[in-house]
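# Topology and contacts: notes
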Amino acid sequence: MINKSLIAAGFAAAMLLPCLAVAQGAAPAQEQQAAQGDAEAGRNKSATCIGCHEIPGYKSSFPSVYYVPRIIGQSARYIESALKAYRKGDRNHPTMTAIAAGLSDRDIADLAAYYGTE
Amino acid sequence: MNMPASKLLRMKPRSVACGAMLAALSVLALPAQAQDIEAGRQKAEEVCAACHGKDGNTPIDPTYPKIAGQYQDYLEHSLLDYKHDRRKNPIMGAQAKPLTRADIRNLAAYYASLTGEISNRR
């Protein structure tokens, strides 16, 4: 009995190992893919951004008044981390928090590719 | 506070005049919040340059922003948010905490005075 279950467990482990290896190998690839945005797709998702970030001299009016930052030409990775920080709550701005809450990783990667540089 | 568009349009010249007056006033108010770009440059070399690059344009990590040529008041706002933990980032929190209000004003003025690669025009 014991031997049989040991053999079964060993067999199951042997079968699972390659699956785990594949899953581990696939994870970084997926991450990479998520970070690789599509600039053209980003352009189609940028309607919400244009009204503030593409108007030179435009100021946010709430909760405090200051110029909306220049983001065109930032690195894509910074734009990605900024949007994720808003989504996570590490950065707080009512407008940006609301906008980032509705963005998927894919959206963020695409917008970062559109507005950012490599 | 809904206002017909026609009324808004009629208000426009007055708003422009108000804006001009405010702009004039803000220029008058500047000496009260004197900023020292040279002091900002010195502080920048001490504190910021190691990560954001000597020119503020060449950060050592792609997740760090280019800050040269960024709006002065946005930079000031960001540093204050880091200082007071409203913007959470372990590295920037630690860097901003020891900065005085004057340091922050000077740093923001210095980096805003540089020519950068970032803009609002595609």
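For the structure, see preceding data.
Because the structure is a prediction, the values reported are computed rather than measured.

## A closer look at the side chain of Arg87(B)
Its place among the elements puts Arg87(B) in the loop between α4 (72-83) and α5 (90-96). The charged side chain of Arg87(B) is buried without a salt bridge, its nearest counter-charge being Asp81(B) at 6.5 Å. For Arg87(B), the side chain forms a polar contact with the side chain of Tyr78(A), separated by 3.2 Å. Dropping the residues within four chain positions of it, Arg87(B) is found in contact with Tyr78(A), Asp90(A), Arg91(A), Tyr74(B), Ser78(B), Asp81(B) and Tyr82(B).

## Digging into the interface of chain A and chain B
The partner chain B presents 20 residues to the 28 residues of chain A that form the contact. Between chain A and chain B lies a buried interface of about 2300 Å² when both sides are counted; carbon and sulfur atoms form 47% of it. In terms of surface lost to chain B, no three residues of chain A exceed Tyr66(A), Arg70(A) and Ile72(A), which account for 29% of the buried area on that side. Linking chain A with chain B are zero salt bridges, by the criterion used here. Broken down by secondary-structure element, the contributors of at least two residues to the side of chain A that touches chain B are β2 (66-67), α4 (76-88) and α6 (105-115) of chain A. A per-element tally of the side of chain A that touches chain B places α4(A) first, with three residues. Considered class by class, the residues forming the side of chain A that touches chain B number twelve nonpolar, ten polar and six charged.

Quick notes on the rules
Residues numbered from 1 in each chain as written. Chains lettered and ligands numbered in written order. Predicted model: local features only at pLDDT ≥ 70, side-chain atom pairs only at ≥ 80, totals over all residues. Heavy atoms only, no water. Helix = DSSP H or I, 4+ residues; strand = E, 2+ residues; numbered from the N terminus. Buried < 20%, exposed > 50% of the residue type's maximum accessible area, 1.4 Å probe, protein only. Lys, Arg positive; Asp, Glu negative; His and termini not counted. Salt bridge = Lys/Arg side-chain N within 4 Å of Asp/Glu carboxyl O. Polar contact = N/O pair within 3.5 Å; in protein donor to acceptor, adjacent residues only side chain to side chain. Contact = heavy atoms within 4.5 Å. Buried area = accessible area lost by both parts, 1.4 Å probe. Nonpolar A, V, L, I, M, F, W, Y, C, P; charged D, E, K, R; others polar.

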